[in-house]
Each structure stands twice: as structure tokens, then as C-alpha cells.
Amino acid sequence: MNESLPTRPVDDRRNTRRKRARRLAIATAPVVVGGIAAASALGAVVAEGGPTISFPTQPQYTIGPPTAITFDNTGPGSVPELSTATLSGASASDFIVVDGGTCATDTLIASGGSCTIDVRFAPSEVNGTNDQATLSATFGFGGGSVTSTINLAGTAGQLPTGPTGPQGATGNTGATGATGATGQTGASGLNGPTGATGATGATGATGPQGPNGLNGLNGAAGNNGTNGTNGTNGLNGSTGPAGPAGPRGATGSRGPAGKNAVLECRLVGSPSFLTCGVTVGGVQTAFAGRAAVARLEHGTRVVASKRFTKTLNLKTKGLKHATYRLVIFREVNGKLETLAVANLWIGKTVDELPTKS
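Source: prediction; values computed, not measured.

Basis of the calculations
Residues numbered from 1 in each chain as written. Predicted model: local features only at pLDDT ≥ 70, side-chain atom pairs only at ≥ 80, totals over all residues. Heavy atoms only, no water. Helix = DSSP H or I, 4+ residues; strand = E, 2+ residues; numbered from the N terminus. Buried < 20%, exposed > 50% of the residue type's maximum accessible area, 1.4 Å probe, protein only. Contact = heavy atoms within 4.5 Å. Areas by Shrake-Rupley, 256 points an atom, 1.4 Å probe, with all protein chains shown as cover. Core = buried A, V, L, I, M, F, W, Y, C linked by side-chain atoms within 4.5 Å. Phe/Tyr/Trp six-rings, centres within 6.5 Å; stacked < 30°, edge-to-face > 60°. Disulfide = S-S within 2.5 Å. Salt bridge = Lys/Arg side-chain N within 4 Å of Asp/Glu carboxyl O. pLDDT = per-residue confidence, 0-100. Pairing = 2+ DSSP bridges. Lys, Arg positive; Asp, Glu negative; His and termini not counted.

### Topic: the overall build of the chain
When helices and strands are tallied, the chain shows 1 helix and 23 strands. Evaluated residue by residue, the chain yields a buried proportion of 31% over its 357 residues. In the chain, once contacts between residues fewer than 6 apart in sequence are set aside, the share between residues at least 24 apart is 66%. Surface exposure of the chain reaches about 24,800 Å², of which carbon and sulfur atoms provide 51%.

Pasting the structure below:
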């Protein structure tokens, strides 16, 4: 959870962070940049997660939770206790080394062991770029010390915006100000466009009628002209469009009832084929050039279909034992007409089942 600092000035907060960062004194040992281990005769220390540890975005003027940075002893010998942990870089004041890590309490770090230093991110302003600093941890004192560094980076975000407060009451109207001095006369404007043409004037009065002229003499009557020759007959016109169709004739009388068609089927070939024949009046029917069409259905799916002229042979090998519907059509005037329908159980035998109407 973020810790808000709403009342302390920015300079005070920066000074407080600097003081807290100096609690472990100032490092004087050599620095190895980028999380690279620094070695001594006793051991070697390296920071995990290098070369840079990134902190989550933190609103300005707030302090983020502690982030534990682990330092591992990768050498064969032990490493002395932590002597200093300092921050440097352009944004060093935006990071705080705090109590709580194990490096401050461990007196000796054995080979293969590790300890932690807690750092918190506390940005002071939003600058649109990452805040960057370097954490340097020195273990031991003087010539027997070893220093390891790790880069820190974090982005400062905007503080959360609270809801808009209610609108205040309208203030009183101020007094009317004094009239300003009259400005200088502006330059003359450009000439306007030419106006539209005026309407046409009224027609003048009609002048007086002139005197009638003298009548001319009648001319002599001309002779009758000869009759012209008859013209040739014109071509016949094109045939007009067909007239509307006449009314439909009355339906003819119903013909005599046909003989019942019987569908007989059996399984052959262990069983591999369904063979069927259609008999009408006890005689097996051949459809000559107008072949019949058989369709074997299972539910809504057509599992087999075939054209035949006398005897139907449908492959049944691989079909599961179930009830199927066999429909026989014949072609009449280009359309399929249902001739026979039977429900069949196809298993090791074929049995005709009653057809539901």
C-alpha cells in the first residue's frame, strides 16, 4: 500500500530520505557497476536480478513498499558483515535504503549463502522518464572489504485525482467599469460590389394607326394540274406480340387405380449387399430407360443412394445394425415420384418393419 505524504514540503521529504539513506554510512570501497560481483580472498558477492532492478510505477510524493534486493556469496569463502549501503546517481534521492533486510543483521555470510537489503521507491516529481540510481553494498572494512552494485529504475506517476468538489456560490456582480476613451477613426473601407441591374421600364404608348394601302388586282385562274401516279404498296408490318394465355382447362377425370407395388429385399454376401426388387401385381417391374432411384436413410442422413432399372444392389458392409428407411423413386416428366417406402432393420438379416403413416 502506498504511504501518502500530503503535508510535508518537498524539500523536507528529500532531506529526510537523504538522512535515512546515510544510516549505514558512506561507502569508500571500490564500486563494480551493473551487478558484477566484486571478489576478495574470502568470497564474492553478486546482486540477483541485475544489471537493473525495475520498481513498479509509484505516484509522486508517495513511498512504495520495500523491495528486497538479494546479494549472493558466490565465492568459496565467507564474506564479512555489511558495512555500508549507499545510493548514487541522478535520482538517488528518489530511492531509500530502509531497515528490515537481513544483510544488516548477518555477521557473516557463508559460501553459497545470501542476504537482502530493503529499498523503497519514493519519487518526488513526474518527469516522463525513468528515475535511475545505483545501489552500492560494501561487506567488510578496509582492505578486506568487497563491494557489489546494482542499478535501480522506477517511473513516477501522477497522484490519484479526487472527485470534483461542489460548485461554489456565484459571487456578487462587480461594479461597472469606467467608459474607455474613444478610439481613433478607422481607415475607410473598400468599395462595395456593383449593385444589381434595375427592373425594365414600362412599355411606351402605341403610336397612331397609319392609312390603309390600295387593293391589288386579282390574278388570272391557273390550269388544273395532271393526276400523279399511284405509289407502291407498303411492306407488311411485323407480327404483333402473343396474346395472353387462355384460361386453364378443366381437370380430367381420375384414371383407374394402379396395382400395388411391393418392395422385397434381402441381404447377400455375409452380409455385404442389400438387394431389392419391386413387384407390381406379383410381377417384378423393370423401369427400362426411366431408371428408378433408391435412397437409404438413417434419421435425417442419407447413407446410400443409387439408380437402378430392375434389381437394386446397395452396399451395406460397414453400416451399423439399426433401422433404416428405404425410399424408391421413379422419374416422371423430369421429376422424381415416390414409388415405395419401407422401414428396414438391417443386421445379420433384413426385416421389414411396419411403416408409420
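### Looking at the nonpolar core
Counting 26 residues, the largest nonpolar core has Phe71, Ile117, Val119, Leu135, Phe139 and Leu152 as its most contacted members. Elements supplying a minimum of two residues to this core: strand 3 (44–47), strand 7 (67–73), strand 9 (82–88), strand 10 (95–98), strand 12 (114–121), strand 13 (130–139) and strand 14 (146–157). Ignoring sequence-local partners within four residues, the contact set of Leu152 consists of Thr52, Ile53, Phe55, Ile69, Leu87, Phe95, Val119, Asp131, Gln132, Ala133 and Leu135. Counting 17 residues, the second largest nonpolar core, distinct from the first, contains Phe308, Ile328, Ala340 and Ile346.

### Concerning the side chain of Gln60
By secondary structure assignment, the location of Gln60 is in the loop between strand 5 (58–59) and strand 6 (62–63). Since its relative accessible area comes to 12%, Gln60 is described here as buried. Contact partners of Gln60, with chain neighbours within four places excluded, come to Pro123, Ser124, Glu125, Val126, Gly157, Gln158 and Leu159.

### Points about unusual backbone geometry
Its identity as a non-glycine residue notwithstanding, Tyr61 has a phi of 65 degrees, on the positive side. Within the element layout of this structure, Tyr61 appears in the loop between strand 5 and strand 6.

### Considerations on the environment of Ile346
Following the sequence through the fold, Ile346 ends up in strand 22 (residues 335–346). Take Ile346: its relative accessible area is 4%, and that puts it in the buried class. The sequence separation of Ile346 and Leu319 amounts to 27 residues, and the corresponding C-alpha distance is 8.4 Å.

### Points about the environment of Thr311
Topologically, Thr311 is positioned in strand 20 (residues 311–315). Residue class for Thr311 comes out partly exposed when judged on its relative accessible area of 39%. Residues Thr311 and Gly277 lie 34 residues apart in sequence; the distance between their C-alpha atoms is 5.0 Å.

### So, the packing of aromatic side chains
Tallying each qualifying case throughout the model produces 4 aromatic pairs. What links up through ring pairs into an aromatic cluster is the set Phe55, Phe95 and Phe121.

### Comments concerning the state of the cysteines
In the structure shown here, the tally under the stated rule is 1 disulfide. Each sulfur in the disulfide pair Cys103 and Cys115 lies 1.8 Å from the other. Taking the sign of the torsion about the S-S bond as the criterion, the disulfide between Cys103 and Cys115, at about 90 degrees, is right-handed. With a gap of 12 residues between them, Cys103 in the loop between strand 10 and strand 11 (108–109) and Cys115 in strand 12 connect regions that are remote in the sequence. Judged by relative accessible area, which is 1%, Cys103 ranks as buried.

### Some thoughts on the pattern of salt bridges
Under the criterion given, the structure shown has 2 salt bridges. The partner of Glu297 in a salt bridge is Arg295, and the shortest N-O contact between them spans 2.9 Å. The structure contains a network of salt bridges with shared partners spanning Arg295, Glu297 and Arg325.

### Digging into the confidence of the model for the chain
Per-residue pLDDT for the chain averages 75, and the proportion of residues at 70 or more is 76%. Low confidence marks residues 1–41, where pLDDT is under 50. Its contacts with residues over four positions away, or in another chain, come to 79 contacts.

### Structural notes on the pairing of strand 13
Among the 10 residues of strand 13, 8 are classified as buried, and the element is accordingly described as predominantly covered. Across 6 bridges, the pairing between strand 9 and strand 13 is antiparallel. Counterpart to Thr84 in the pairing with strand 13 is Thr138. Pairing geometry for strand 13 and strand 14, over 10 bridges, is antiparallel. Residue Asp131 lies in a different strand from strand 14, and its bridge partner there is Gly154.

### Observations regarding the environment of Ser136
Relative to the assigned elements, Ser136 resides in strand 13. A residue is classified by how much of its surface remains accessible, and Ser136, at 4% relative accessible area, is buried. Remark: the alpha-carbon pair of Ser136 and Ala85, spanning 51 residues in sequence, is separated by 5.6 Å.

### Remarks on the side chain of Asp72
By secondary structure assignment, the location of Asp72 is in strand 7. Despite its burial, Asp72 remains without a salt bridge, the nearest opposite charge being carried by Arg120 at 22 Å. Residues contacting Asp72, with those up to four places away along its chain left out, are Ala44, Val45, Val46, Glu48, Gly113 and Ser114.

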